[in-house]
Amino acid sequence: MKKIGLFPKDLQKDIHGNYYYQIGESRTIFASHLDTATKTASKVNHVFDGDIIKTDGSTVLGADDKAGTTVMLFMMKHNIPGLYYFFIGEEVGCIGSGLAAKSISDFQGKYDRIISFDRRDVFSVITHQSWSRCCSDAFAEQLASELNASGFQLNYRKDDGGVYTDSAEFIDIIPECTNLSVGYYKEHTTSESQNIIHLTNLAEACVKVDWENLPTKRDPKSYEWKDYSYPTSKNWSRK
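The rules we used
Residues numbered from 1 in each chain as written. Predicted model: local features only at pLDDT ≥ 70, side-chain atom pairs only at ≥ 80, totals over all residues. Heavy atoms only, no water. Helix = DSSP H or I, 4+ residues; strand = E, 2+ residues; numbered from the N terminus. Expected span 1.5 Å × (residues − 1). Buried < 20%, exposed > 50% of the residue type's maximum accessible area, 1.4 Å probe, protein only. Arc of directions from axis to C-beta. Contact = heavy atoms within 4.5 Å. Pairing = 2+ DSSP bridges.

The next subject is unusual backbone geometry. Look at the link from D64 to D65: it is a cis peptide, with omega at 15°. With respect to the helices, strands and loops of the structure, D65 is situated in helix α1 (residues 63-77). Here S130, not a glycine, exhibits a phi torsion of approximately 60°, which is positive. The topology assignment puts S130 in the loop between β9 (128-129) and β10 (132-133).

A few words on helix α3 (residues 137-148). Side chains three or four residues apart in an α-helix point the same way, a direct result of the helix having 3.6 residues per turn. Here α3 is 12 residues long and its end C-alpha atoms lie 16 Å apart, about the 16 Å a rise of 1.5 Å per residue gives. Along α3, the positions that sit buried rather than exposed are F139, A140, L143, A144, E146 and L147. All buried residues of α3 project into a common sector of 165° when viewed along the axis, lining one side. Those residues of α3 hidden inside the fold are in contact with β7 (113-120), β8 (124-126), β11 (157-159), β12 (176-185) and α4 (196-208).

Bringing the side chain of N201 into the picture now. Relative to the helices and strands, N201 resides in helix α4. Judged by relative accessible area, N201 falls into the buried class, the value being 17%. If we ignore the near neighbours within four places in the chain, the residues touching N201 are F152 and L154.

Moving on to the pairing of strand β2 (residues 19-23). With burial as the criterion, only one face of β2 is covered, namely that bearing Y19, Y21 and I23; the residues Y20 and Q22 on the opposite face remain uncovered. Bridge analysis of strand β1 (residues 12-13) against β2 gives 2 bridges, and the strand direction is antiparallel. When the sheet's bridge partners are listed, K13 is paired in β2 with Y19. Between β1 and the antiparallel strand that follows it, β2, lie 5 residues; G17 among them carries a positive phi value of about 100°. With 5 bridges joining them, β2 and strand β6 (residues 82-87) adopt antiparallel strand pairing. If you follow Y21 over to β6, its bridge partner there is Y84.

See below:
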């Protein structure tokens, strides 16, 4: 990746090709990914529609995960302590984060939380990714409360409907691993869009969160599987 002006000049690169930046002493990792869901390098023609940015329909927007990267750059500009990780290859199997997580000596016991900024919509603090719990309810509820109390008209809540992103690669070694909504919709399609007002408000709110004092409750050595309950009636249908 060519280092452009938005990134600090002393941005570092790990042995797996991921980029990272450390600010202060912190037990928090902030994460986003640098790749987007497209097979070709194409010019993105942006279309602005009120608070929404999208494309002319010929390409994906790439808000997944340019939006998450934007939030992190804003936090870095405001010197919020943390380890900022920009992963490669999330869209093709979380390659960069998966390799980094295997370097256990670099992460185990050093961090209490990893927050991915890589979720659709505007309300989710993810507690489960795929089939298992990734962060405690106490952590999700406190983070949602602090974001909502920031004064930027946010309405976050815990959500157990996560899929899978980079933070999930660390659930065996980091207690609290979550994913936050950043305001994009219809990711991976040419109809992808981004709510710019939400993204701006989220970035401002993240500067106010007391990240280091969020509760740490989940035991990374203990697995809690998501409860999939199905109707017992013969009249139910899958959808």
